[in-house]
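# Structural description and commentary
Read off the chains here:
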Amino acid sequence: MSRRVVVALLGPVTWSPPGIDPARWRTALAEDVVDLLATLNEVETAVAVTAPDRWLADDVVWPGTRVYEVSAPTPNAVFAALAAGNQAARQDEAVGYDQVAVVAADAPDVPGLTLGKLLRPLTTRPVAVAPVEGGGAGLLGVAARLPAPAWLPELDLDTTEPAEVRRSAPSPGDVAVTAGWRRMRGPADLAALDPAVEGWEATRALLSGRPV
């Protein structure tokens, strides 16, 4: 059985609701995504963050959660860190990861099923991408078999489109496009949050004025 990991990439958050401290907003979003990952079955979970933002990982991770410090807040940097970890595991005769999904940490209400669908195509394809729903460019997440293919372009979850990834592949069919979801990047995304849906507790508390 393949060993799989889902990594929340705690990258920059460029928008926050009026009247809410950007750092508290970023922390609430990340906490909800990390809490969601903890509920996933048949995968391991981790977070990735640049060194200056290590404080954020320390604020939101569960005890025992692996934290990868990466050189840049990009999926490529996460893939490189996981590949290096796999190499070290082989030297120690330990088991490394076969598949990794990197997801944005500003989608507090994303369903776990959506993240599961991001990994599913890797049984037959080397890469899968999940687009952002709603306005604007970018990806919700990207998954790859390890080591990631050499043809994979530099990815930015805020700007890269699925079509760009498919154009870089030897064949467009090498890249699966899976179900997308919204990220909290503007007022329209915020308005789409459904109070009747369970989850996103930290974000919900912050928006309602309660301490988080």
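To keep things clear, this report deals only with the structure shown in the data block. Keep in mind the model is a prediction, meaning the values are calculated, not measured.

Here is what the cut-offs are and how they apply
- Residues numbered from 1 in each chain as written.
- Predicted model: local features only at pLDDT ≥ 70, side-chain atom pairs only at ≥ 80, totals over all residues.
- Heavy atoms only, no water.
- Salt bridge = Lys/Arg side-chain N within 4 Å of Asp/Glu carboxyl O.
- Helix = DSSP H or I, 4+ residues; strand = E, 2+ residues; numbered from the N terminus.
- Buried < 20%, exposed > 50% of the residue type's maximum accessible area, 1.4 Å probe, protein only.
- Contact = heavy atoms within 4.5 Å.
- Expected span 1.5 Å × (residues − 1).
- Polar contact = N/O pair within 3.5 Å; in protein donor to acceptor, adjacent residues only side chain to side chain.
- Pairing = 2+ DSSP bridges.
- Axes fitted to C-alpha atoms, helices over the stretch in contact; angles between N-to-C directions.
- Arc of directions from axis to C-beta.
- Phe/Tyr/Trp six-rings, centres within 6.5 Å; stacked < 30°, edge-to-face > 60°.
- Lys NZ or Arg CZ within 6 Å of the ring centre and 35° of its normal.

### Re the pattern of salt bridges
On inspection of all chains with the given rule, the structure shows eight salt bridges. Note that R54 is salt-bridged to D58, the shortest N-O span being 3.1 Å. Of this pair, R54 and D58 both sit in helix α2 (residues 54-60), four residues apart, which is roughly one turn of the helix. You can call R54 partly exposed: its relative accessible area is 29%. In this structure, D109 engages R182 in a salt bridge whose closest nitrogen and oxygen atoms are separated by 2.5 Å. Placement of the pair is D109 in the loop between β4 (99-104) and α4 (112-119) and R182 in the loop between β7 (175-177) and α6 (187-191), with a sequence separation of 73 residues. Across the pair, R182 and D109 agree in class, each one buried. Connected through salt bridges with shared partners, the residues R54, D58 and E69 form a single ionic network.

### As for unusual backbone geometry
Excluding glycine, residues mostly have negative phi values, and the peptide bonds linking residues are mostly trans. L146 connects to P147 through a cis peptide bond whose omega is -5°. Residue position: P147 is located in the loop between β6 (139-145) and α5 (162-168). One non-glycine residue, W200, lies in the positive phi region at around 40°. Relative to the elements of secondary structure, W200 occurs in the loop between α6 and α7 (201-207).

### Structural notes on the environment of D53
Turning to its location among the elements, D53 is positioned in the loop between β2 (44-50) and α2. Judged by relative accessible area, D53 falls into the buried class, the value being 16%. For the pair formed by D53 and E69, sequence separation is 16 residues and the distance between their alpha carbons is 9.0 Å. If we skip the residues at most four places from it in the chain, D53 touches L10 and R26.

### What to know about helix α1 (residues 22-37)
Three or four residues apart is the spacing at which side chains of an α-helix point the same way, because the helix has 3.6 residues per turn. Taking 1.5 Å of rise per residue, the 16 residues of α1 would be expected to cover 22 Å, and the 23 Å separating its terminal C-alpha atoms lies within 8% of that figure. Among the residues of α1, W25, R26, T27, A28, L29, A30, D32, V33, V34, L36 and L37 are the ones counted as buried. The residue sitting at the N-terminus of α1 and contributing the capping side-chain oxygen is D21; that oxygen lies 3.1 Å from the backbone nitrogen of A23.

### A word on the sheet that holds β6
Spatial strand order, β3-β2-β1-β4-β6-β5-β7: seven strands in an open sheet with mixed pairing. The open sheet has two edge strands with one neighbour each: β3 (66-70) and β7. The mean angle between the axes of side-by-side strands here comes to 20°, regardless of whether they run parallel or antiparallel. Summarising the sheet, strand β5 (residues 127-131) and β7 pair through three bridges and their orientation is parallel. Paired with A128 across the strands is A176, a residue of β7. On top of the sheet, α1 reaches β1 (4-9), β2 and β4; it is set at about 170° to β1, its chief contact. The sheet contacts of α4 involve β1, β4, β5 and β6, and relative to β4 the element is tilted by about 135°.

### Regarding α4
All of the buried residues along α4 are T114, L115, L118 and L119. Projection of α4 onto a plane perpendicular to its axis shows the buried side chains occupying an angular sector of 145°, all on one side. Those residues of α4 that are buried lie in contact with β1, α1, β4, β5 and β6.

### Description of the packing of aromatic side chains
On inspection of all chains with the given rule, the structure shows one aromatic pair. One cation-aromatic arrangement involves R3 over Y97; the distance from NZ or CZ to the ring centre is 4.3 Å.

The values are spatial; any link to function lies outside them.
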